[in-house]
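# Survey of secondary and tertiary structure
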Amino acid sequence: MKRLDLAWRGIDDEARVDRARVRVDDDGMIAHGTSITDDYALSWSLDATEGWITRTLGVTVHGDGWWRALALAHSHEGVWTAHVETHGDVDLPLAGIEDDAALGGALDCDLGLCPVTNTMPIRRLGLLDADADADADICTTLVMAWVEVPSLRVLRSDQVYRYAGPALIGFRSGDFAAEISVDGDGFVIDYPQLARRVPSP
């Protein structure tokens, strides 16, 4: 069992600071963290302790005169459910799962702008241990339950992961592609256009 304190600074938004406390072992992790921006403050908790598969994600976001909370759960039968609470008026899409059927086959959540949720597919697919000659060209397409921030709307996201070299993960979603550098535990060090690791306070 390993405990980590991690922090990132936004690249797309230098005002954004993300922090996470993680308890990780060979089979999964449990974590909680925060994201602070000029427009909102967000806190989250994650349980992915069984084979690096998401079981629960809780997210609360506060803005000026409004807040929203999402409790997202993934059953052993593969069914995603969401409980939502909202307060105040804000011009954002409705929180919660937009289309239940679209999430069929998803094993992971992907919290928008959060570097931590990339770790589950990286570890479950064994991309830290891939052999450069055998696996560099193998791509795995995954369905994600993507949580849009700050609306907390949950959408289907098709994402591709591949081994791109030692401590380097190839990622693609739609028209966006990047090579993400990670540490020995599979946590993001540098995610181009999104976030870069900084010393944890």
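Right, let's walk through the structure included here. Keep in mind that this is a model prediction, so the values were computed, not measured.

Let's shift gears to the overall build of the chain. Along the chain, the regular secondary structure elements total two helices and 15 strands. Against the globule reference of 17 Å for 201 residues, the chain gives a C-alpha radius of gyration of 16 Å, in line with a compact fold. In the chain, buried positions account for 44% of the 201 residues. Across the chain, contacts joining residues at least 24 apart in sequence account for 44% of those joining residues at least 6 apart. Put simply, the chain has 17 plus and 34 minus side-chain charges, and the middle of one group is 5 Å from the middle of the other.

Soluble globular proteins: nonpolar side chains tend toward being buried together. One finds Val22, Met29, Trp44 and Leu72 to be the most contacted residues of the largest nonpolar core, which totals 50 residues. It is strand β10 (residues 139–147) that contributes the most residues to this core, five residues altogether. Other than its neighbours up to four places away in sequence, valine 22 contacts Lys2, Arg3, Leu4, Leu6, Met29, Ile30, Ala31 and Phe187.

Within this structure, the stated rule accounts for twelve salt bridges. With its nearest N and O atoms 3.0 Å apart, the salt bridge here joins arginine 21 to aspartate 5. Placement of arginine 21 in strand β2 (residues 17–25) and of aspartate 5 in strand β1 (residues 2–10) is noted, with a sequence separation of 16 residues between them. Residue aspartate 5 is classed as partly exposed on the basis of its relative accessible area of 44%.

With that out of the way, let us pick up the pairing of strand β14 (residues 188–191). Across two bridges, the pairing between strand β13 (residues 176–182) and β14 is antiparallel. By the bridge assignment for β14, serine 181 is matched with aspartate 190. The antiparallel pairing of β13 with β14 creates a hairpin that spans five residues between the two strands, and glycine 186 there sits at a positive phi of about 90°. Sheet topology places β14 next to strand β15 (residues 195–198); two bridges connect them, and they run antiparallel. Paired with tyrosine 191 across the two strands is alanine 195, which belongs to β15. Between the end of β14 and the start of β15, which pair antiparallel, lie three residues, with glutamine 193 showing a positive phi angle near 70°.

Think of a ball as big as a water molecule: rolled over the atoms, this probe shows where empty space is left. Enumeration over the complete set of coordinates arrives at one cavity of 30 Å³ or more. The wall of the largest cavity is formed by Asp18, Ser35, Tyr40, Leu42, Leu111, Gly112, Leu113, Cys114 and Val149. Taken together, the residues that form the lining of the largest cavity break down as six nonpolar, two polar and one charged.

Here valine 149 and proline 150 are connected by a cis peptide whose omega angle stands at 10°. Looking at the secondary structure, you find proline 150 in the loop between β10 and β11 (153–165). You will see that tryptophan 52, though not glycine, has its phi angle at about 65°, which is positive. Position of tryptophan 52 relative to the elements: it lies in the loop between β4 (41–48) and β5 (56–63). We note that leucine 113 has phi near 70°; this positive angle belongs to a residue other than glycine. Turning to its location among the elements, leucine 113 is positioned in the loop between β9 (108–111) and α1 (119–124). Judged by relative accessible area, leucine 113 falls into the partly exposed class, the value being 29%.

Before going further, it helps to spend a moment on the pairing of β13. Along any regular strand, the residues point their side chains to alternate faces of the sheet. Pairing of strand β12 (residues 168–173) with β13, which is carried by six bridges, proceeds in the antiparallel orientation. Opposite leucine 168, over in β13, you have serine 181 as the bridge partner. Two successive antiparallel strands, β12 and β13, enclose a turn made up of two residues, where glycine 174 displays a positive phi of approximately 60°.

Before going further, it helps to spend a moment on the layout of surface pockets. Computed from the structure, the largest pocket encloses a volume of approximately 340 Å³. Lining the largest pocket are 17 residues; nearest its centre among them are Trp146, Phe171, Phe176, Tyr191 and Leu194. Mapped by element, the contributors of at least two residues to the lining of the largest pocket are β9, β11 and β12. For the lining of the largest pocket, the residue count by class is ten nonpolar, six polar and one charged.

Cut-offs and rules
Residues numbered from 1 in each chain as written. Predicted model: local features only at pLDDT ≥ 70, side-chain atom pairs only at ≥ 80, totals over all residues. Heavy atoms only, no water. Helix = DSSP H or I, 4+ residues; strand = E, 2+ residues; numbered from the N terminus. Rg over C-alpha atoms; globule rule 2.2 N^0.38 Å. Buried < 20%, exposed > 50% of the residue type's maximum accessible area, 1.4 Å probe, protein only. Contact = heavy atoms within 4.5 Å. Lys, Arg positive; Asp, Glu negative; His and termini not counted. Charge placed at Lys NZ, Arg CZ, Asp CG, Glu CD. Core = buried A, V, L, I, M, F, W, Y, C linked by side-chain atoms within 4.5 Å. Salt bridge = Lys/Arg side-chain N within 4 Å of Asp/Glu carboxyl O. Pairing = 2+ DSSP bridges. 1 Å grid on protein atoms, 1.4 Å probe; cavity = no way out; pocket = protein on both sides within 12 Å on 5 of 7 lines; lining within 4 Å. Points joined across faces, edges and corners; volume = space filled by probe spheres on them. Nonpolar A, V, L, I, M, F, W, Y, C, P; charged D, E, K, R; others polar.

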